[in-house]
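What the coordinates show
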Amino acid sequence: DVKVTQSSRYLVKRTGEKVFLECVQDMDHENMFWYRQDPGLGLRLIYFSYDVKMKEKGDIPEGYSVSREKKERFSLILESASTNQTSMYLCASAPGRNNSPLHFGNGTRLTVT
Amino acid sequence: GNSVTQMEGPVTLSEEAFLTINCTYTATGYPSLFWYVQYPGEGLQLLLKATKADDKGSNKGFEATYRKETTSFHLEKGSVQVSDSAVYFCALRFTGGGNKLTFGTGTQLKVEL
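Residues numbered from 1 in each chain as written. Chains lettered and ligands numbered in written order. Predicted model: local features only at pLDDT ≥ 70, side-chain atom pairs only at ≥ 80, totals over all residues. Heavy atoms only, no water.

1. Focus: the overall build of chain A
- Regarding its fold elements, chain A presents 0 helices and 12 strands.
- Going from N to C terminus, chain A has its helices and strands arranged as β-β-β-β-β-β-β-β-β-β-β-β.
- Over its C-alpha atoms chain A spans a radius of gyration of 13 Å, differing by no more than 12% from the 13 Å that the globule rule assigns to 113 residues.
- A principal-axis box enclosing the C-alpha atoms of chain A has dimensions of 40 × 25 × 25 Å.
- Every one of the 113 residues in chain A was classed for burial, and the buried ones make up 49%.
- Of the contacts formed within chain A by residues at least 6 apart in sequence, a portion of 55% connects residues at least 24 apart.
- For chain A, the exposed surface amounts to about 5,600 Å²; the carbon and sulfur share of it is 48%.
- The average position of the 16 basic charges and that of the 14 acidic charges among the side chains of chain A differ by 5 Å. (Helix = DSSP H or I, 4+ residues; strand = E, 2+ residues; numbered from the N terminus. Rg over C-alpha atoms; globule rule 2.2 N^0.38 Å. Buried < 20%, exposed > 50% of the residue type's maximum accessible area, 1.4 Å probe, protein only. Contact = heavy atoms within 4.5 Å. Areas by Shrake-Rupley, 256 points an atom, 1.4 Å probe, with all protein chains shown as cover. Lys, Arg positive; Asp, Glu negative; His and termini not counted. Charge placed at Lys NZ, Arg CZ, Asp CG, Glu CD.)

2. Focus: the overall build of chain B
- The helix and strand inventory of chain B stands at 0 helices and 12 strands.
- Counted from the first residue to the last, chain B has its helices and strands arranged as β-β-β-β-β-β-β-β-β-β-β-β.
- Since a compact globule built from 113 residues should have a radius of gyration of about 13 Å, the 13 Å found for chain B is in line with a globular shape.
- Dimensions of chain B, computed from C-alpha atoms along their principal axes, come out at roughly 45 × 30 × 20 Å.
- Within chain B, contacts between residues at least 6 apart in sequence are counted, and of these 55% link residues at least 24 apart.
- Counting every atom, chain B has about 5,200 Å² of accessible surface; 47% of that belongs to carbon and sulfur.
- Each charge class in chain B can be summarised by its mean position, and for the 10 positive and 11 negative side chains these summaries are 10 Å apart.

3. Quick look at the sheet that holds strand β8 (residues 62–65) of chain B
All names here are of chain B.
- A sheet is described by the order of its strands in space; here 4 strands give the open sequence β3-β9-β8-β7, paired in antiparallel fashion. Each edge of the open sheet carries a strand with a single partner, namely β3 (19–21) and β7 (56–59). Going from strand to strand, the sheet's axes swing by 15° on average, the running direction of each strand aside. (Pairing = 2+ DSSP bridges. Axes fitted to C-alpha atoms, helices over the stretch in contact; angles between N-to-C directions.)

4. Some thoughts on the interface of chain B and chain A
- Each partner contributes residues to the interface: chain B has 21 residues there, and chain A has 25 residues.
- Considering only the side of chain B, the residues that lose the most area to chain A are Asn99, Lys100 and Phe103 of chain B, jointly responsible for 34% of the buried surface there.
- Taken together, the elements giving at least two residues each to the side of chain B that touches chain A come down to β5 (32–38), β6 (44–50) and β10 (86–93) of chain B.
- In terms of residue count, β5 of chain B provides more of the side of chain B that touches chain A than any other element does, 4 residues in total.
- The residue inventory of the side of chain B that touches chain A, partitioned by class, reads 7 nonpolar, 10 polar and 4 charged. (Buried area = accessible area lost by both parts, 1.4 Å probe. Nonpolar A, V, L, I, M, F, W, Y, C, P; charged D, E, K, R; others polar.)

5. What about the nonpolar core?
- If you look at the biggest cluster of nonpolar residues, it comprises 27 residues, and the most contacted ones within it are Trp35, Leu47, Leu48, Phe73, Leu75 and Tyr88 of chain B.
- At 4 residues, the largest contribution of residues to this core is made by β10 of chain B.
- Counting residues in hydrophobic clusters, the runner-up holds 20 residues, among them Tyr47, Tyr64, Phe74 and Leu76 of chain A. (Core = buried A, V, L, I, M, F, W, Y, C linked by side-chain atoms within 4.5 Å.)

6. Some details on the environment of threonine 83 of chain A
All names here are of chain A.
- Within the fold, threonine 83 resides in the loop between β9 (73–78) and β10 (87–94).
- Taking the C-alpha atoms as reference, threonine 83 lies 30 Å from lysine 70; in sequence the two are 13 residues apart.
- Apart from the residues lying within four places of it in its own chain, the contact partners of threonine 83 are Thr15, Val112 and Thr113.

7. What about the pattern of salt bridges?
- A full pass over the atoms with the stated rule returns 11 salt bridges over all chains.
- The partner of glutamate 63 of chain B in a salt bridge is lysine 56 of chain B, with the nearest N and O atoms 3.6 Å apart.
- Of the charged contacts in the structure, one is a salt bridge between aspartate 84 of chain B and lysine 77 of chain B, with a shortest N-O distance of 2.8 Å. Each of the two residues, aspartate 84 of chain B as well as lysine 77 of chain B, counts as buried.
- Here the residues in one salt-bridge network are Asp28, Glu30 and Lys71 of chain A, joined through shared partners. (Salt bridge = Lys/Arg side-chain N within 4 Å of Asp/Glu carboxyl O.)

8. Quick notes on the environment of glycine 41 of chain B
- You can see glycine 41 of chain B is positioned in the loop between β5 and β6.
- Glycine 41 of chain B sits 71 residues away from glutamate 112 of chain B along the chain, and the two C-alpha atoms are 19 Å apart.
- Aside from chain neighbours lying at most four places away, what touches glycine 41 of chain B is Arg9 and Asn106 of chain A.

Put into structure tokens, the structure is as follows:
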């Protein structure tokens, strides 16, 4: 079974802090994604990566950056956390071939105070 | 641009009732369509998919038919169970978009005895 592991289930940070959300997948998938999930807005894509060291902006990249130094790991970085970044963050991975299903982690609920 | 519109929830049904969750989409070209399910405290998982017009996806008693003429992909189940209580997301993958998905806002389903 594919496993996508997000390092923290709950995280509380202060405004202005630099925050790292980590995601690791164990199935050698080429594609990795970061979404945020908010009530009434569904899932919105922040960034995605098709390969190591490659990244592309999603629909709402402002205030975020990402890092993919190794194939299995995709990190989301909040350079200076703000209260409007309080949300549930979901990482996903998928093989490179088209129409492959995304495999999601269980999410990190981030609260910025 | 590409977008997905789902009926708003929450939807509350009695066990063994018939379920319909409406989903319509706007997209250029011919997208692939998906339903994902999120059980409490978990990440999303693929429920079913359809990759071309008139395809029917099915899994665990759920069905959805890709209707190009009405740009719809409604989710149905003939007899719901308490264990079907979850949030359901409709999503599309547009042509040339790799595995990047655009999600609807989600519909919460609650099934009661």
